[in-house]
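# Descriptive analysis of the structure
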Amino acid sequence: MMPAWLASDWTIPAGLDDFLWTYGHLINSLGINGLLALSMYVVLAVGQLSLGQAAFMGLGAYSSVLMTLTLKLPFYVVLPASCLVPVLFALAVGVPTLRLSGVYLAIATIGLGEVLRALYLNVDVFGGALGINGIPERAQTWMIFGMLILALLGLWLVGRSRIGRAMEAMREDATAAAVMGVNVPGYQLGALVASAVLAGIAGCLSAHQSSFIGPNEYGFEPAVTILSFALLGGIGTPVAPVVGAWILTLLPELLRGFSDLRLVFNGLIIVVAVLFLPHGLLGWRMRRRAA
Amino acid sequence: MNLLETCGLTRRYAGLVAVDHVDLVVPRGGIHAVIGPNGAGKTTLFNLISGLVVPSEGSIHLAGQDVTARPTHVRAALGIGRTFQNIRIFGEMSVLENVLTGAHARLRASLVSIALRLPGFRSEERQAVAAAREALALVGLSERAAQPASSLPYGDQRRLEIARAMAGQPLLLLLDEPAAGMNPAETTALAGLVRRIADAGTTVLLVEHDMGFVMSLSDHITVLNFGRKIFEGKPAAVRSEPAVVEAYLGARLAAKLRAAHA
Ligand SMILES: Nc1ncnc2c1ncn2[C@@H]1O[C@H](COP(=O)(O)OP(=O)(O)OP(=O)(O)O)[C@@H](O)[C@H]1O
Ligand SMILES: [Mg+2]
């Protein structure tokens, strides 16, 4: 399936090889967390708050791993199919809650994460507390970054159109946006579905590069971390949350000794971002004015 | 066929009836005004017409079509545009982007066409920008196109709301106190603008406290008080009913009204 030039026997200089050996996992994490940051961005960009990104990621991870291990499907089928289950859950949570005010979506998505965690723990196919081991490492670095670039490009292009204007208008004033003809509930649901697609793909990629998944990787704590990516970077452009994700992925590596304080650190970032950086570190807006 | 017809339109809130069985008929073309003292139910009537408030009773027809159960964005697409009494521009977006957002319901390019930048999307976007610039020229804000909307002075923000609503090319334009907070020179310019909009074929339904403004512009006036329609007719008829005006609009407005047209 892979084009010939991507097949493995091109020569990598020895130094680069060592580098990739040591940092390959971290590099992959940058791509995966970038995708997760975008999944958060899409929801925040329409003025909603979801804390279900980690839950959608988990659904993508578990469903894709079962497709790989049980159904023995090839990865080029598994990767696109990994967004199906997250999307179904996004619809199930979004349709009843989005008609209510914004808080309900946040609460429902937290609930979703906890329910799913209990499900993974207690149902045999999901491997219980031990999770699932021996996942073939099929997600290549180029696939991860390919998806990230594709997602960034897509969000950028869509952002610079009537859809992007409608999203920003909704974020500022949903009532006025509706009067302009914006289908506000439709856009909110669309954003949630898009975010489930991105998180599902990220979950699939992450599961297929780490050989193991477990129920605790997709709970409340990662949900908060994903939110902090977008709060730190900002949501003025799709690039901003990705930069936020990269900073928050690299910082713990630099501060190895403090890994116990990771959650404290994320909490602090959220507080500081909310109080002092209402537009994130990268506060500029997407330029959308045609010439 | 009338452009807008409300039949028995009612909205109740706990302990009060904001709009009480109002039958309003707006024929195509011209400028129609709804007046009444503070709390008479004018804004609630506009909210009912644009779909922001659900009626407790009654129906709304636009161009013969029953839109009572239609959500706000569908009514916008069917031709109802409006401005807000308490300005609701998109402050962080540029002036031009605000107006472009007003054209949302008219733009059709699909997600695929947008993501692939197909020619259909490009030409539609070009036309939308041209139309938005025209709308800005209409209200005299061309020079401000690139500014953040929140940086505009108050009167300009009101005119931006009008340009934004006009970008949707509405059949019916609802203006909720467009002259509020404007100085006399701005108000005169605004009257000219509303007149041009109506002359170009958009039917205008106007709520305004400035009686000089209302009397000079309107073809037809509906008077509300405590949610009820208490009078309707030509401006001259409203003017020549001092008893009605005084009884229902209060002595202060009645005095203003006479002063404006003594
Ligand atoms: N959401 C609401 N809940 C409760 N009461 C409301 C609500 N909206 C409006 N009202 C009441 O309904 C009545 C009509 O209000 P409305 O804003 O329509 O009046 P108005 O004619 O626009 O007044 P003004 O000239 O001051 O703008 C008022 O008594 C108001 O307090
Ligand atoms: Mg009002």
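Note that this is a predicted model, so its numbers are computed, not measured.

### Brief notes about the overall build of chain B
- Assigned secondary structure in chain B consists of ten helices and ten strands.
- Taken over C-alpha atoms, the radius of gyration comes to 19 Å for chain B, in line with the 18 Å a tight globule of 262 residues would show.
- By its C-alpha atoms, chain B is 65 × 40 × 35 Å across when sized along the principal axes.
- Relative to its full complement of 262 residues, chain B shows a buried share of 54%.
- Long-range contacts, defined as pairs at least 24 residues apart, comprise 66% of the intrachain contacts of chain B with a sequence gap of at least 6.
- Surface exposure of chain B reaches about 10700 Å², of which carbon and sulfur atoms provide 55%.
- Both charge centroids of chain B, one from 27 positive and one from 23 negative side chains, sit 3 Å from each other.

### Section: the site of ligand 1
Residue and element names in this part refer to chain B.
- Neighbouring ligand 1 are 14 residues; Gly39, Lys42, Thr43, Thr44 and Gln85 lie closest to it.
- Between an oxygen atom of ligand 1 and a main-chain N or O atom of Gly39, the distance comes to 2.8 Å.
- At a separation of 2.8 Å, an oxygen atom of ligand 1 approaches a polar side-chain atom of Gln85.
- Taken together, the elements giving at least two residues each to the shell around ligand 1 come down to strand 2 (16–26) and helix 1 (42–50).
- The biggest single contributor to the shell around ligand 1 is helix 1, with three residues.

### Brief notes about the sheet that holds strand 2 of chain B
Residues and elements named next belong to chain B.
- The strand order across the open sheet formed by four strands is 2-1-4-5, and the pairing between neighbours is antiparallel. Pairing within the sheet leaves two strands with one partner each, and these edge strands are strand 2 and strand 5 (65–66).
- The strands touched by helix 1 are strand 1 (4–13), strand 2 and strand 4 (57–62); relative to strand 2, the strand with the most contacts, the crossing angle is about 65°.

### Notes on the coordination of the magnesium ion (ligand 2)
Residues and elements named next belong to chain B.
- Protein coordination at the magnesium ion (ligand 2) comes from Thr43 (OG1) and Gln85 (OE1), with a distance range of 1.9 to 2.0 Å. Here Thr43, found in helix 1, pairs with Gln85, found in the loop between strand 6 (80–82) and helix 3 (95–102); they are 42 residues apart in sequence, far enough to count as distant.
- Judged by its relative accessible area of 31%, Gln85 falls in the partly exposed class.

### Focus: the sheet that holds strand 10 (residues 228–233) of chain B
Residues and elements named next belong to chain B.
- The sheet built from six strands is open, its strands ordered 6-7-8-3-9-10 with mixed pairing. Single-partner strands in this sheet number two, and they are strand 6 and strand 10. On average, adjacent strands in this sheet sit at an angle of 20° to one another, irrespective of strand direction.
- With four bridges connecting them, strand 3 (residues 31–35) and strand 9 (residues 220–225) associate as parallel partners. Along strand 9, the bridge assignment pairs Ile35 with Val223.

### Looking at the packing of helix 6 (residues 141–159) of chain A against helix 9 (residues 184–207) of chain A
Residue and element names in this part refer to chain A.
- Packing of helix 6 against helix 9 brings their axes to within 11 Å, and their N-to-C directions diverge by 170°. If you check the angle between helix 6 and helix 9, you find them roughly antiparallel. Where helix 6 approaches helix 9, its residues Met143, Ile144, Met147, Ala151 and Leu155 are matched on the opposing element by Leu198, Ile201 and Leu205.
- Of the residues contributing to the contact of helix 6 with helix 9, the split by class is eight nonpolar, no polar and no charged.

### So, the packing of helix 5 (residues 119–139) of chain B against helix 6 (residues 154–167) of chain B
Residues and elements named next belong to chain B.
- Interhelical geometry of helix 5 versus helix 6 gives an angle of 140° and a closest axis separation of 9 Å. Overall, the two elements helix 5 and helix 6 adopt an arrangement that is oblique. Considering how the two elements wind past one another, helix 5 and helix 6 form a crossing that is right-handed. Residues Ala135, Leu136, Leu138 and Val139 of helix 5 form the contact with helix 6, whose own contacting residues are Arg159, Leu160, Ile162, Ala163 and Met166.
- Classifying every residue of the contact of helix 5 with helix 6 gives eight nonpolar, no polar and one charged.

About the cut-offs
- Residues numbered from 1 in each chain as written.
- Chains lettered and ligands numbered in written order.
- Predicted model: local features only at pLDDT ≥ 70, side-chain atom pairs only at ≥ 80, totals over all residues.
- Heavy atoms only, no water.
- Helix = DSSP H or I, 4+ residues; strand = E, 2+ residues; numbered from the N terminus.
- Rg over C-alpha atoms; globule rule 2.2 N^0.38 Å.
- Buried < 20%, exposed > 50% of the residue type's maximum accessible area, 1.4 Å probe, protein only.
- Contact = heavy atoms within 4.5 Å.
- Areas by Shrake-Rupley, 256 points an atom, 1.4 Å probe, with all protein chains shown as cover.
- Lys, Arg positive; Asp, Glu negative; His and termini not counted.
- Charge placed at Lys NZ, Arg CZ, Asp CG, Glu CD.
- Near = heavy atom within 4 Å.
- Polar contact = N/O pair within 3.5 Å; in protein donor to acceptor, adjacent residues only side chain to side chain.
- Pairing = 2+ DSSP bridges.
- Axes fitted to C-alpha atoms, helices over the stretch in contact; angles between N-to-C directions.
- Donors = N, O, S within 2.8 Å, 3.2 Å for Na, K, Ca; no water.
- Parallel < 35°, antiparallel > 145°, perpendicular 65-115°, else oblique.
- Nonpolar A, V, L, I, M, F, W, Y, C, P; charged D, E, K, R; others polar.
- Left-handed = near helix turned anticlockwise from the far one by under 90°.

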